[in-house]
Amino acid sequence: MLFSNRMINILIPIISVLLGLLSGAIIMFFFGYNPVEGYAALWNGAFGDSYFFGETIRQVTPYILSGLAVAFALRTGLLNIGVEGQVFVGWLASVWVGISFELPMVIHLPLAVLAAALAGAFWGFIPGILKAKLGVHEVIVTIMMNYIALYISNEMVRSVLTDGADRTPEIFPTASLASEWLASMTFYSRLHYGILIALFMAAVMWFVLNKTTTGFELRSVGFNQNASKYAGMNVSKNIVLAMVISGAFAGLAGAMEGLGTFGYMNVKSGFTNIGFDGIAVALLGANTALGVVLAAFLFGTLKIGALNMPTEAGVPTELVEIVIALIIFFVASSYIIRWVFLRFKKEGK
Amino acid sequence: MFKNRWFVMLALLLSLGLVLAACGSSDEGGEDQSSGGDSGESEDSSGEEAANGDFSVAMVTDVGGVDDKSFNQSAWEGLQAFGDENGMSKGEGFDYAQSESDSDYVTNLNRLVRQDYNLIFGIGYLLQPAIEEVAGQYGDTHFAIVDSVAEGDNIASITFKEHQGSFLAGVAAAKKTQSNQVGFVGGVDGDLINKFEAGFVAGVKSVNPDIEVDVQYAESFAAADKGKLIATNMYNKGVDVIYHASGATGNGVFAQAKDIKNNDPEANVWVIGVDRDQYEEGSVGDTNVTLTSMVKRVDIAVQDVSTQSMNGEFPGGEVLEYGLADDAVSIARTNEEALTEDIISSIEEWKEKIVNGDVEVPSTREDLETYVNSL
């Protein structure tokens, strides 16, 4: 009774996190760092004062959305590796709208956010339609689309939005998610209203997947395409829809960076990793809305806190990357944890 | 159904409990670990001392990190030299914060401000918006940015006359080429790298206006594969000297030159390095493909500004330009075999003219056009 399946599903990520942190401590210890000091520095770096807390939430915001994007596609059985590219086009679209128009805030901000979602959705639509109509594997297409997005947005920033400069002008304040009030509350951190959008979208995802017919169909396609087809569902339509919605979430993650954190877009020489980290967030969050929010929170904390580890405890930031990798490793090898649980269960009887 | 809900609630509570417990333990860790707390206090006290006259300085790297074999590393070496000079050690008087992504710049700058550093360097033009933002919020702290110009009374902008050094690199290339074709590989097309391009082309054309310069951009500072591809094309069509200003992308240029040299030791292929002396990068067996390097002494500049700031002469709001005259840009002479007397004497000759002001080296493409037309 205690170890029901559901229970195990919830315990696995938590145990993985604990095992990851523990292994990180062991590694720190073996390399001659003080693990307690290291984790204390991590904790202070993420929650030490309200500035760092604000920065942590700021980092969590895009992670929630990119995590939702990956999770949504995975629930329909699609691995969307293209979240990174969808983040780029979303970022670009939101900034484009942000700098091109001067409108009242009630129109401008929603318009910029919507543009980001649409751009991301379009970027997800292409691999979706290719998969549905021609059976091209979405992993290949989405990976390629990442590079297309990266270089197109660089070219757009350089040639279309500016005259050969490295970054766009600042967006108009009417399109900005940044808030004086939140910033002053957290000693000028870049905390912005995007976190509300992210949490709202998590609720939207839960609602769509669990409470609507569309959601039922999407999940059904994820479980078994043939059975869904036999039951009279349009599998192609659902694949495209899943990719479009997933892309829209990712586009919103881009808007968080464009309208919230930065307020501009610059020429990037590489990926931001928001999308790739989203894969890890979704995996840790077991592809559920609530799980993604919690996992994003953990990842944001680790990323921001890690920056404090070298200065306060002398531990290299790379170590936090190792801890994150270990957590993912333990989640991925959940089979082992499940097996241990089942043994206990048997003996318990 | 009812049972299921119960379970979800219970699970949520448990997981929350676990998360809190995990948090709690690390929090306790912070309290238990008296040394952790102590180190925090000692930092505070050193901050107070700093206010009493002691001086502390820190830097924020861009995503390259302090071991990038390029300007981040050079800047850090400058800070270390400054620390040695003044009896400081890492963490006590000077330190660095490494950035893992673009969004970390502001966070890292803020962290250092909060740790009461008097002077904070931002290394690389990518940090310019972040420096301006943070400097606007903390008027009492001094900031400096390398490779870019930031506006603010408490910001010193450190720039280099890379076009001057690149001009001399161009002179060396023009003297060395036998095919009368030389190449330029840039990182990301923008104001900064255009300075290198303009200086280099001007230098080449000053020696011999008939030499063709092939200019290509890799659109990345970290794509060695692209650097190699561009170098392959250039060498194939007869270019024999390539100057790269492209960070790690240039490693591909070196790789291709070394491949050619390995297959045919008689081949006439050369690379001109950038930022640091890249002599080591170019060694193939007994020979070396690195003709020379355009060395940018970020360390000298960082040390200089730190000293000025410590003595209360912080050049806030000013744009400092380090050039040939300060020896802050120079031409490496490690490859004595390749850099013949003839080349060195003509480099010296042009250097003389630039330092005296007889030659005004162009720093943009427009200036370059006027310069070339006036030859």
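Residues numbered from 1 in each chain as written. Chains lettered and ligands numbered in written order. Predicted model: local features only at pLDDT ≥ 70, side-chain atom pairs only at ≥ 80, totals over all residues.

Engineer: So what exactly am I meant to see when it comes to the overall build of chain B here?
Structural biologist: Looking only at helices and strands, one finds 12 helices and 15 strands in chain B. Counting the 375 residues in chain B, one finds 50% classified as buried. Sequence separation of 24 or more characterises 70% of the internal contacts of chain B that already satisfy a separation of 6 or more. (Helix = DSSP H or I, 4+ residues; strand = E, 2+ residues; numbered from the N terminus. Buried ≥ 20, exposed ≤ 12 C-beta atoms within 10 Å, placed from the backbone. Contact = placed C-beta atoms within 7 Å.)

Engineer: Can you walk me through unusual backbone geometry in this structure?
Structural biologist: Among all residues except glycine, the phi angle is most often negative; among peptide bonds, the trans geometry is most common. One non-glycine residue, Phe 187 of chain A, lies in positive phi territory at about 50°. Along the chain, Phe 187 of chain A turns up in the loop between α7 (180–185) and α8 (194–211).

Engineer: What's the story with the pairing of strand β8 (residues 212–217) of chain B in this structure? I'm lost.
Structural biologist: Residues and elements named next belong to chain B. In this sheet, β8 lies alongside strand β7 (residues 181–186) in parallel orientation, the contact comprising 6 bridges. Paired with Val 182 across the strands is Val 213, a residue of β8. Handedness of the crossover is the feature at issue here: the chain leaves β7, passes through helix α7 (residues 191–207), returns alongside β8, and the resulting connection is right-handed. (Pairing = 2+ DSSP bridges. Right-handed = clockwise from strand over helix to strand, strands pointing away.)

Engineer: I keep staring at the environment of Ala 248 of chain B and nothing clicks. Help me out?
Structural biologist: All names here are of chain B. Within the secondary structure, Ala 248 is located in the loop between β9 (241–245) and α9 (250–263). When the C-alpha positions of Ala 248 and Gly 227 are compared, they lie 8.7 Å apart, and in sequence the two are 21 residues distant. Setting aside residues up to four positions removed in sequence, Ala 248 forms contacts with Phe 221, Ala 222 and Ala 224.

Engineer: What is the right way to read the sheet that holds strand β4 (residues 119–123) of chain B from this model?
Structural biologist: Pairing between the strands of a sheet comes from backbone hydrogen bonds, and it takes one of two forms, parallel or antiparallel. All names here are of chain B. The parallel open sheet is built from 7 strands, whose spatial order is β2-β3-β1-β4-β5-β6-β14. Both outer strands of the open sheet, β2 (89–90) and β14 (319–322), are each paired with one neighbouring strand and no more. As defined by bridge partners, strand β5 (residues 142–146) adjoins strand β6 (residues 155–160) across 4 bridges and the pair is classed as parallel. Across the sheet, the residue bridging to Val 146 is Ile 158, located in β6.

Engineer: Before we go on, may I ask you to explain the domain arrangement of chain B in this structure?
Structural biologist: For interface size, the figure often reported is the accessible area lost on association. Residue and element names in this part refer to chain B. Under the domain assignment, chain B is made up of domain 1 (55–160 + 297–323) and domain 2 (162–295 + 340–374). Between the C-alpha centres of domain 1 and domain 2 there is a distance of 29 Å. Counting from both sides, the interface comprises 9 residues of domain 1 and, opposite them, 7 residues of domain 2. The class makeup of the residues in the side of domain 1 that touches domain 2 is 3 nonpolar, 3 polar and 3 charged. (Domains from an automatic or database assignment. Nonpolar A, V, L, I, M, F, W, Y, C, P; charged D, E, K, R; others polar.)

Engineer: Any chance you could explain the confidence of the model for chain B here in plain terms?
Structural biologist: Interpretation of this model should avoid reading the predicted coordinates in detail wherever pLDDT is low. Of all residues in chain B, 86% attain a pLDDT of 70 or more, and the chain-wide mean is 84. Listed scores for the predicted complex are pTM 0.79 and ipTM 0.79. (pLDDT = per-residue confidence, 0-100.)

Engineer: Hey, could you run me through the nonpolar core in this one?
Structural biologist: Looking at soluble globular proteins, one finds that nonpolar side chains tend to be buried together. The biggest cluster of nonpolar side chains holds 216 residues, and the ones touching the most others in it are Leu 65, Leu 68, Phe 249, Leu 252 and Val 292 of chain A together with Ile 120 and Ala 172 of chain B. By residue number, the principal contributor to this core is helix α11 (residues 235–262) of chain A, which donates 16 residues. (Core = buried A, V, L, I, M, F, W, Y, C linked by C-beta atoms within 7 Å.)

Engineer: In this structure, what is going on with the domain arrangement of chain A? I would like to understand it.
Structural biologist: Residues and elements named next belong to chain A. Partitioning chain A into structural domains gives domain 1 (1–33 + 315–349) and domain 2 (51–305). For domain 1 and domain 2, the distance between their C-alpha centroids amounts to 28 Å. The partner domain 2 presents 7 residues to the 9 residues of domain 1 that form the contact. If you list the elements that add at least two residues to the side of domain 1 that touches domain 2, you get α1 (5–30) and α15 (318–332).

Engineer: Would you mind showing me how to read the UniProt feature "transmembrane region" (unreviewed entry) in chain A here?
Structural biologist: Residue and element names in this part refer to chain A. Under the UniProt annotation, the feature "transmembrane region" (unreviewed entry) is placed at residues 7–31, 51–74, 81–99, 105–126, 191–209, 239–262, 274–299 and 319–341. The span residues 7–31 is 96% helical and 0% strand by assignment, and the distance between its end C-alpha atoms comes to 36 Å. The span residues 239–262 shows a helical share of 100% and a strand share of 0%, and its end C-alpha atoms are spaced 33 Å apart. (UniProt positions renumbered as here; feature names shortened; annotations may be inferred.)

Engineer: Is there a simple way to think about the packing of helix α5 (residues 105–134) of chain A against α11 of chain A in this case?
Structural biologist: For any two helices packed against each other, the geometry comes down to the angle between their axes and how far apart the axes lie. All names here are of chain A. Running from N to C, α5 and α11 cross one another at 145°; their axes reach a closest spacing of 6 Å. With respect to the hand of their crossing, α5 and α11 are arranged in right-handed fashion. Within the contact of α5 with α11, the residues separate by chemical class into 20 nonpolar, 9 polar and 2 charged. (Axes fitted to C-alpha atoms, helices over the stretch in contact; angles between N-to-C directions. Left-handed = near helix turned anticlockwise from the far one by under 90°.)

Engineer: Looking at this structure, I do not really get the interface of chain B and chain A. What am I missing?
Structural biologist: Facing the 31 residues of chain B at the interface are 30 residues of chain A. Those elements that place two or more of their residues in the side of chain B that touches chain A are α1 (2–32), α2 (34–51), β3 (93–97) and α4 (104–114) of chain B. With 9 residues, the top contributor of residues to the side of chain B that touches chain A is α1 of chain B. Of the residues that constitute the side of chain B that touches chain A, the class distribution is 9 nonpolar, 16 polar and 6 charged.

Engineer: Quick question: what am I supposed to make of helix α12 (residues 274–284) of chain A here?
Structural biologist: Since the α-helix advances by 3.6 residues per turn, residues separated by three or four positions end up pointing in the same direction. Residue and element names in this part refer to chain A. By the criterion of burial, α12 is predominantly enclosed, with 10 of the 11 residues buried. All of the buried residues in α12 are Ile 274, Gly 275, Asp 277, Gly 278, Ile 279, Ala 280, Val 281, Ala 282, Leu 283 and Leu 284. Two residues or fewer after α12 comes Ala 286, characterised by a positive phi angle close to 55°.

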